[in-house]
Amino acid sequence: MVAQSIHDSSKGGAFSALDYVLYALTVGSWSVSWYALSLQPGVVANEVSLFYRFVIASAVMLVWTLVARQSLLFSVRQHAVFVAMGIFIFSTNFLLFYYGSTYVVSGLLSVIFSLASLTNIFLAALIFQERPSARIVAAAFVGACGIALLFWPEVSGQELAGNVVTGLILCTCGTLCFSMGSLLSSRLQAGDKKVPLVAATTWGMIYGAVWCAFLAIVQGKPFNWDPRPEYAYSLIFLALVSTVIAFAAYLTLVKRIGAGRAGYATVVFPIFALLVSTFVEDYQWTLAAVLGLVLVIAGNVTVMRGR
């Protein structure tokens, strides 16, 4: 899932039936993926689960790349970026969310991740001196207020408040990792048009799997298996549906309607992810939570509308 520039020009025109199907597939896959992610921690170390996930996903992506007849031969400099993508996007990002999922309900994980549109801009300002506009700063403030309201019912008046804060910090760091990898990827795409996105993502997933295996080996964690059926089902769903199929649907959507309009999927899926949490994790809605979600969406929409 390599982020597209939110300032890319969007293609106008009404949606076709296929566009609606692609949108539904993208939003649906990402909405359910957060609950599937919460089923992974347990018997198998998170690093090992992610290794399994990206071995499966990268194998499918490799077949996709070969069928599309995209070259897999790149320079050392380009591979250095692929390694960074693997470490930031296709391993550490997810690893922090896996650990965070033990403290926070899955729907709230998706809300934190949806702020990547904001963290992308502020990391670009920090690293590349791309100064954000006053509008973007205001959007970030609104989004931060929304997160505070969403998590306030989870934190206030509970004995496990410290654990919830820990989960929030872990997931925020995971979002920052995703944004860092996305910025590196976008710089590579902008600087060298010869790098196909599918091939670049394939290499990123391969390096991500290698990095997860390295982390597991260094920490002495066994490459075991969880016998629970839900572990296998969620692993297959995360590898094939949330990673490969959703990625394919999103890329096709970007090509058909433009990155700007397709990017609104990241605004919509947290709503459905929280609805999933309501039914399967007994997430309790409060007035503060509703207002918080509205503010997060408002902040994201402000960014997505671009300049």
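Since the structure is predicted, the reported quantities are computational estimates derived from the model, not experimental observations.

## So, the packing of aromatic side chains
This structure, assessed with the given rule, holds 18 aromatic pairs. The structure contains a cluster of three or more aromatic residues connected by ring pairs, namely Trp30, Trp34, Phe97, Phe113, Phe178, Tyr250 and Phe269. The residue whose ring lies beneath arginine 53 is phenylalanine 94, and the NZ or CZ to ring-centre distance is 4.4 Å.

## A word on the packing of helix H1 (residues 17-38) against helix H4 (residues 106-113)
Closest axis-to-axis distance for the H1/H4 pair is 8 Å, and the angle between their directions is 125 degrees. The pairing of H1 with H4 is recorded here as oblique in orientation. Relative to H4, the crossing made by H1 is right-handed. Residues Trp34, Tyr35, Leu37 and Ser38 of H1 lie in contact with H4, whose contacting residues are Ser106, Leu109, Ser110 and Phe113. Classifying every residue of the contact of H1 with H4 gives five nonpolar, three polar and no charged.

## Details of unusual backbone geometry
With a phi close to 60 degrees, arginine 69 is a non-glycine residue in the positive phi region. With respect to the helices and strands, the residue arginine 69 is situated in the loop between helix H2 (46-67) and helix H3 (76-100). For arginine 69, a relative accessible area of 79% translates into the label exposed.

## So, the environment of alanine 36
Position of alanine 36 among the secondary structure elements: in helix H1. Here alanine 36 falls in the buried class, since its relative accessible area comes to 6%. Sequence separation between alanine 36 and serine 242 is 206 residues, and the spatial gap between their C-alpha atoms is 9.4 Å.

## A few points about the nonpolar core
Core analysis: the biggest nonpolar cluster contains 70 residues, and Trp34, Phe54, Leu108, Leu150 and Phe151 have the highest contact counts within it. In terms of residues, this core owes the most to one element, helix H9 (residues 229-257), which gives 10 residues. One finds Val48, Tyr52, Ala216 and Leu235 within the second-largest nonpolar core, a separate group that totals seven residues.

## Notes on H4
Among the eight residues of H4, eight are classified as buried, and the element is accordingly described as predominantly covered. Turning to H4, its buried residues number three or more, namely Ser106, Gly107, Leu108, Leu109, Ser110, Val111, Ile112 and Phe113.

## Description of the side chain of glutamate 47
Mapped onto the fold, glutamate 47 is located in helix H2. Overall, the relative accessible area of 2% leaves glutamate 47 in the buried class. At 3.0 Å, the side chain of glutamate 47 forms a polar contact with the side chain of lysine 221. Apart from residues lying up to four places away in sequence, glutamate 47 is in contact with Leu95, Tyr99, Cys212, Leu215, Ala216, Gln219 and Lys221.

## Quick word on the confidence of the model for the chain
Across the chain, the average pLDDT comes to 84, with 88% of residues at 70 or higher. When mean pLDDT is compared element by element in the chain, H2 scores highest at 95, while helix H10 (residues 259-262) scores lowest at 64.

## A short note on the pattern of salt bridges
Summed over all chains, the structure comprises three salt bridges. The residue glutamate 47 makes a salt bridge to lysine 221 at a minimum N-O spacing of 3.0 Å. Placement of the pair is glutamate 47 in helix H2 and lysine 221 in the loop between helix H8 (197-218) and H9, with a sequence separation of 174 residues. Overall, the relative accessible area of 22% leaves lysine 221 in the partly exposed class. Residues glutamate 230 and arginine 228 are paired through a salt bridge, measuring 3.7 Å at the closest nitrogen-oxygen approach. By relative accessible area, which is 34% here, glutamate 230 ends up partly exposed. Residue arginine 228 is classed as partly exposed on the basis of its relative accessible area, which comes to 28%. Linked through salt bridges whose partners overlap, the residues forming this network are Asp226, Arg228 and Glu230.

## Here we look at a nonpolar patch on the surface
Residues Ile271, Phe272, Leu275, Phe279, Val280, Trp285, Val290, Leu291 and Val294 make up a contiguous nonpolar surface patch of roughly 810 Å² in combined accessible area. With respect to the element layout, phenylalanine 272 can be found in helix H11 (residues 265-280). The class of phenylalanine 272 is partly exposed, set by a relative accessible area of 42%.

Here is what the cut-offs are and how they apply
- For every chain, the first residue of the written sequence is number 1, and numbering continues from 1 along that sequence.
- Since the coordinates come from a predicted model, pLDDT governs what is reported: local features require at least 70, and pairs of side-chain atoms require 80 or more to be given and counted, while whole-chain, interface and lining totals use all residues.
- Hydrogens and waters are ignored; side-chain quantities use all the structure's heavy atoms.
- Two aromatic rings from Phe, Tyr or Trp, using only the six-membered ring of Trp, form a pair when their centres are within 6.5 Å; if the ring planes differ by under 30 degrees the pair is stacked, by over 60 it is edge-to-face, and anything between is tilted.
- Placement of a charge over a ring requires the Lys NZ or Arg CZ to be within 6 Å of the ring centre, with the centre-to-atom vector within 35 degrees of the ring normal.
- For helices, the axis comes from a line fit to the C-alpha atoms of the stretch in contact; other axes are also lines fit to C-alpha atoms, and the angle between any two N-to-C directions lies between 0 and 180 degrees.
- Numbered from the N terminus, helices here are DSSP runs of H or I no shorter than four residues, and strands are runs of E no shorter than two.
- We call two directions roughly parallel when the angle between them is under 35 degrees, roughly antiparallel when it is over 145, roughly perpendicular when it lies between 65 and 115, and oblique otherwise.
- We call a crossing left-handed when the near helix sits turned anticlockwise from the far one by less than a right angle, and right-handed when that turn is clockwise.
- By definition, residues are in contact when any of their heavy atoms lie within 4.5 Å.
- In this classification, Asp, Glu, Lys and Arg are treated as charged, Ala, Val, Leu, Ile, Met, Phe, Trp, Tyr, Cys and Pro as nonpolar, and every other residue, Gly included, as polar.
- Only protein chains enter the accessibility calculation, which uses a 1.4 Å probe. A residue is then buried if its area is under 20% of the maximum for its type, exposed if over 50%, and partly exposed in between.
- Nonpolar cores were defined as sets of buried Ala, Val, Leu, Ile, Met, Phe, Trp, Tyr and Cys residues, with membership established by side-chain atoms within 4.5 Å.
- A 3.5 Å cut-off defines polar contacts: any pair of N or O atoms within that distance qualifies, except that in protein one atom must be a possible hydrogen donor and the other a possible acceptor, and neighbouring residues in sequence count only when both atoms are side-chain atoms.
- Every residue gets a pLDDT, meaning the predictor's confidence in that residue, from 0 to 100.
- One speaks of a salt bridge when a side-chain nitrogen belonging to Lys or Arg is within 4 Å of a carboxyl oxygen belonging to Asp or Glu.
- A patch is a set of surface residues, each over 30% in relative accessible area and not in a salt bridge, joined within 9 Å for like charges and within 5 Å for the nonpolar side chains Val, Leu, Ile, Met, Phe, Trp and Tyr.
- Computed with the Shrake-Rupley method and a 1.4 Å probe, the accessible areas treat only the protein chains shown as cover for residues.

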